[in-house]
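Structure assessment
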Amino acid sequence: MATTDKKLFRMAVKASENAYAPFSDFHVGAALLAKDGRIFTGVNVENSSYGATICAERTAMVKAISEGCREFEAIAIAGNGGTSWPCGICRQFMYEFCPDIRVISGESEDELKVYILKELLPEGFKL
Ligand code: THU
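First, a word on what this report is: a plain description of the structure on this page. Quantities reported herein were computed from a predicted structural model and do not represent experimental measurements. (Residues numbered from 1 in each chain as written. Predicted model: local features only at pLDDT ≥ 70, side-chain atom pairs only at ≥ 80, totals over all residues. Heavy atoms only, no water.)

Overview of the pattern of salt bridges
- Taken as a whole, this structure holds 6 salt bridges when the rule is applied.
- For Arg 102, the salt bridge goes to Asp 5, with nearest N and O atoms at 2.8 Å. Residue Arg 102 is found in strand β4 (residues 102-106), and its partner Asp 5 is found in helix α1 (residues 5-15); the two are separated by 97 residues along the sequence.
- Accessibility expressed as a relative area gives 28% for Arg 102, which makes it partly exposed.
- Owing to a relative accessible area of 22%, Asp 5 belongs among the partly exposed residues under this scheme.
- A salt bridge links Lys 118 to Asp 100; the shortest N-O distance between them is 2.8 Å. With Lys 118 in helix α4 (residues 117-120) and Asp 100 in the loop between α3 (88-95) and β4, this pair connects stretches of sequence that are 18 residues apart. (Salt bridge = Lys/Arg side-chain N within 4 Å of Asp/Glu carboxyl O. Helix = DSSP H or I, 4+ residues; strand = E, 2+ residues; numbered from the N terminus. Buried < 20%, exposed > 50% of the residue type's maximum accessible area, 1.4 Å probe, protein only.)

Structure follows, in structure tokens:
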């Protein structure tokens, strides 16, 4: 069965339970759907040295790429159960692999918005 945007968003919300966010208290989860149907989840992992923090989207992407998966269909993101759009670093990070990925978020699974990554990062940089 095709993975729906709602299901992906629910998985992002569920994943966010594992976020390590003692400093911001903003618990982010991401669910990344690969073209082969696999789904990789990710969470933000903060650090006492704040700049060492990694976002949920990049955690999910790094998990996927390290498993040999490089083609992606969609990513859903949830922050504290609601809307969270990717930060600039995550937009650039994802652009490297999938400028056409569908990016999904919203206040609830019934109020989702979808953008193509290229819309969120116009004229993105890629060597
Ligand atoms: N965060 C993400 O996980 N993804 C984003 O795209 C935006 C920000 C995290 C980083 C930090 O742990 C917390 O949200 C507050 O900035």
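Quick notes on the site of the ligand
- The ligand sits among Ser 24, Phe 26, Val 28, Asn 44, Glu 46, Thr 53, Cys 55, Ala 56, Glu 57, Trp 85, Pro 86 and Cys 87.
- Taking Ala 56, its main chain carries an N or O atom lying 3.0 Å from an oxygen atom of the ligand.
- Relative to its unbound accessible area of 380 Å², the ligand is 78% covered by the protein chains.
- Taken together, the residues of the shell around the ligand break down into 7 nonpolar, 3 polar and 2 charged. (Near = heavy atom within 4 Å. Polar contact = N/O pair within 3.5 Å; in protein donor to acceptor, adjacent residues only side chain to side chain. Areas by Shrake-Rupley, 256 points an atom, 1.4 Å probe, with all protein chains shown as cover. Nonpolar A, V, L, I, M, F, W, Y, C, P; charged D, E, K, R; others polar.)

Overview of the packing of aromatic side chains
- Counting across every chain of the model gives 3 aromatic pairs.
- Ring geometry for Trp 85 against Tyr 115: centres 5.1 Å apart, planes inclined by 75°, an arrangement best described as edge-to-face. With Trp 85 in the loop between β3 (72-79) and α3 and Tyr 115 in strand β5 (residues 112-116), this pair connects stretches of sequence that are 30 residues apart.
- When the centroid spacing of 6.4 Å and the interplanar angle of 50° are considered together, the rings of Phe 93 and Phe 97 count as tilted.
- Judged by its relative accessible area of 28%, Phe 93 falls in the partly exposed class. (Phe/Tyr/Trp six-rings, centres within 6.5 Å; stacked < 30°, edge-to-face > 60°.)

Observations concerning the side chain of Ser 16
- Within the secondary structure layout, Ser 16 lies in the loop between α1 and β1 (28-34).
- Non-local contacts of Ser 16, meaning those with residues more than four positions away in its chain, are made with His 27, Val 28, Gly 29, Val 43 and Ala 78. (Contact = heavy atoms within 4.5 Å.)

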